[in-house]
Amino acid sequence: MSLAHDARLAVGRATEAQRAARTWPEINNPAAWAVAAILVIMPLIASSFFLIEIFATTLILGTMALSLMFLAGYGGMVSLMQLTIAGFSAYMVAVFGVSGNANISLGWPWWLAVPMALALATAFGTLGGALAVRTEGIYTIMITLAIGAAFYYFTNQNWAIFNGHTGINNVATPRFWGVNWRADIPFYYIVLAVAAFCYFAVQYVARAPFGLALQGVRDNPRRMAALGFNVNAHRIAAYAFASFIAALAGVLQVWNYRQISPGSVSVGACIDVLIIAVVGGITRPIGPFIGALTFVLLRTFALDFLVRLGLDGNRFRLLIGLGFLAIVFWSSDGVIGLWQRWRQHQRREVSRSGRGRGHG
């Protein structure tokens, strides 16, 4: 009787999710419209440095962290190999496309190299996910970290495909319709379009029947299995979806820097993606982008700040670590949690003042 009732509830929730998928919460949110307008007109108000080094980089890192947020927030699986998947995609763009290393790159046009890179990186992430879903908790974190570390050492030592610690330089960027799409303004709009696509895709999937089932697997996998859901299949599918998002970010990353090297897929960089997701808030898709903006601003300006204080500028990561500790200490849901607490406090103050005027 209980299982039948739960099954009816699951069907009802799936129907509600299909209705919810048609209505986005941002439509009635003036702040969201304001942020979207600012992002669209950003090339008119920002210099080339801020446009690419701050905002485009924020969107790329935010998209990588978004893939981790999807796994952790909706699936309860903390993966430290999302940057590795992005790096694998970037390497594949360089290997199959055109670069300064003609003895390694195959010279395919970008419109063939990019789909191949996305397909291989998604398959790579799905395979890693298939290994990771057989574990839980700290073991999932360790096995994904091990995959990231293994890939880093493999690229650092392999010269035939990845060109060792030197990496692959002068990677060609797309040119079509008479436009150099790596020029600052066109590239910014490509990054913005990809980030927006991934953001809304995550929101849609979270409301779809698959997303609701994945959240059920996160909360109570045994009960979902009893209801007839294939728990491991849902988790692997989540890794596949998240891997595709990370692979898109990897393509943008290699186009941004025009090179890819083992330093870009190091263990420290893998952990940075986790920091970005946690600082912004790992329960909502906007969180990774907030965390990425915080991380990029600290990484870019912390060095100059320390030098002005008479300290060693190379210790800029100390400020990043202190900022991370402060945010996590005050809010388990990152910056979003702090914002929500402030909003709740403001509402309570307004309601109290309203009651005070009423009594008067």
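Residues numbered from 1 in each chain as written. Predicted model: local features only at pLDDT ≥ 70, side-chain atom pairs only at ≥ 80, totals over all residues. Heavy atoms only, no water.

Digging into the overall build of the chain
Item 1. Regarding its fold elements, the chain presents 15 helices and two strands.
Item 2. Counting all 360 residues of the chain, 44% fall into the buried class.
Item 3. When contacts within the chain are restricted to residue pairs at least 6 apart in sequence, those whose partners lie at least 24 apart make up 75%. (Helix = DSSP H or I, 4+ residues; strand = E, 2+ residues; numbered from the N terminus. Buried < 20%, exposed > 50% of the residue type's maximum accessible area, 1.4 Å probe, protein only. Contact = heavy atoms within 4.5 Å.)

Considerations on the nonpolar core
Item 1. Counting residues in each nonpolar core, the largest one holds 82 residues, and the members touching the most others are Phe70, Met92, Ile168 and Trp255.
Item 2. Counting only elements with at least two residues in this core, the list comes to helix H4 (48-75), helix H5 (82-96), helix H6 (110-132), helix H7 (138-157), helix H8 (184-207), helix H11 (231-257), helix H12 (267-280) and helix H13 (287-308).
Item 3. A per-element tally of this core places H4 first, with 16 residues.
Item 4. Residues within four places of Trp255 in sequence aside, it is in contact with Val93, Trp110, Val114, Ala172, Thr173, Pro174, Arg182 and Phe187. (Core = buried A, V, L, I, M, F, W, Y, C linked by side-chain atoms within 4.5 Å.)

Description of the side chain of Ser105
Item 1. Mapping Ser105 onto the fold places it in the loop between H5 and H6.
Item 2. Residue class for Ser105 comes out buried when judged on its relative accessible area of 10%.
Item 3. There is a polar contact of 2.6 Å between the side chain of Ser105 and the backbone oxygen of Ala94.
Item 4. Those residues within four positions of Ser105 in sequence are excluded, and the remaining contacts are Ala94, Val95, Gly97, Val98, Ser99 and Ile168. (Polar contact = N/O pair within 3.5 Å; in protein donor to acceptor, adjacent residues only side chain to side chain.)

Here we look at the side chain of Thr58
Item 1. By secondary structure assignment, the location of Thr58 is in helix H4.
Item 2. Residue classification places Thr58 among the buried positions, given a relative accessible area of 7%.
Item 3. Those residues in contact with Thr58, other than ones at most four positions away along the chain, are Phe289, Ala292, Leu293 and Val296.

Focus: empty space enclosed by the protein
Item 1. For the structure shown, the criterion picks out one cavity of 30 Å³ or more.
Item 2. Lining the largest cavity are Ile275, Val279, Gly291, Thr294, Phe295, Leu298, Ile320, Gly323, Phe324 and Ile327.
Item 3. Among the elements of the structure, H12, H13 and helix H14 (316-330) are those that each provide at least two residues to the lining of the largest cavity. (1 Å grid on protein atoms, 1.4 Å probe; cavity = no way out; pocket = protein on both sides within 12 Å on 5 of 7 lines; lining within 4 Å. Points joined across faces, edges and corners; volume = space filled by probe spheres on them.)

Let's talk about the pattern of salt bridges
Item 1. One pass over the full model with this rule turns up two salt bridges.
Item 2. Between Asp184 and Arg182 there is a salt bridge, with its nearest N and O atoms 3.9 Å apart.
Item 3. Note on Asp184: relative accessible area 28%, which makes it partly exposed.
Item 4. For Arg182, a relative accessible area of 7% corresponds to the buried category.
Item 5. In this structure, the salt-bridge partner of Asp219 is Arg218, at a minimum N-O distance of 2.9 Å.
Item 6. Overall, the relative accessible area of 55% leaves Asp219 in the exposed class. (Salt bridge = Lys/Arg side-chain N within 4 Å of Asp/Glu carboxyl O.)

Some details on a nonpolar patch on the surface
Item 1. On the surface, Ile38, Val40, Ile41, Leu44, Ile45, Ile185 and Tyr189 cluster together into a nonpolar patch covering about 670 Å² of accessible area.
Item 2. Among the secondary structure elements, those contributing two or more residues to the nonpolar patch are helix H2 (30-40), helix H3 (42-45) and H8.
Item 3. Inspection of the secondary structure puts Ile41 in the loop between H2 and H3.
Item 4. We classify Ile41 as partly exposed; its relative accessible area is 38%. (Patch = residues over 30% accessible without salt bridge, like charges linked within 9 Å, V, L, I, M, F, W, Y side chains within 5 Å. Areas by Shrake-Rupley, 256 points an atom, 1.4 Å probe, with all protein chains shown as cover.)

Topic: the confidence of the model for the chain
The predicted coordinates should not be examined in detail at positions where pLDDT is low.
Item 1. Averaged over every residue, the pLDDT of the chain is 86; the share at 70 or more is 88%.
Item 2. Note on residues 1-23: pLDDT under 50 across the span, and 19 contacts to partners over four residues away in sequence or across chains. (pLDDT = per-residue confidence, 0-100.)

As for the packing of H12 against H13
Item 1. Two elements in contact, H12 and H13, have axes whose closest approach is 6 Å; the angle formed by their N-to-C orientations is 115°. Judged by the angle between their axes, H12 and H13 are roughly perpendicular. Once H12 is placed against H13, the crossing between them reads as right-handed. Across from Asp272, Ile276, Val279 and Gly280 in H12, the residues of H13 making contact are Gly287, Pro288, Ile290, Gly291, Ala292, Thr294 and Phe295. (Axes fitted to C-alpha atoms, helices over the stretch in contact; angles between N-to-C directions. Parallel < 35°, antiparallel > 145°, perpendicular 65-115°, else oblique. Left-handed = near helix turned anticlockwise from the far one by under 90°.)

Quick word on the packing of H8 against H11
Item 1. It is the contact of H8 with H11, at a shortest axis distance of 11 Å, that shows an interaxial angle of 170°. Considering their axes alone, H8 and H11 lie roughly antiparallel with respect to each other. Residues Phe187, Ile190, Val191, Val194, Phe197, Cys198, Ala201, Val202 and Val205 of H8 pack against Phe241, Phe244, Ile245, Leu248, Leu252, Trp255 and Asn256 of H11.
Item 2. Class assignment for the residues of the contact of H8 with H11 results in 15 nonpolar, one polar and no charged. (Nonpolar A, V, L, I, M, F, W, Y, C, P; charged D, E, K, R; others polar.)

Looking at unusual backbone geometry
Item 1. Phi angles above zero are rare outside glycine, and Asn163 is one such case at about 60°.
Item 2. You can see Asn163 is positioned in the loop between H7 and strand S1 (175-176).
Item 3. Residue classification places Asn163 among the buried positions, given a relative accessible area of 13%.

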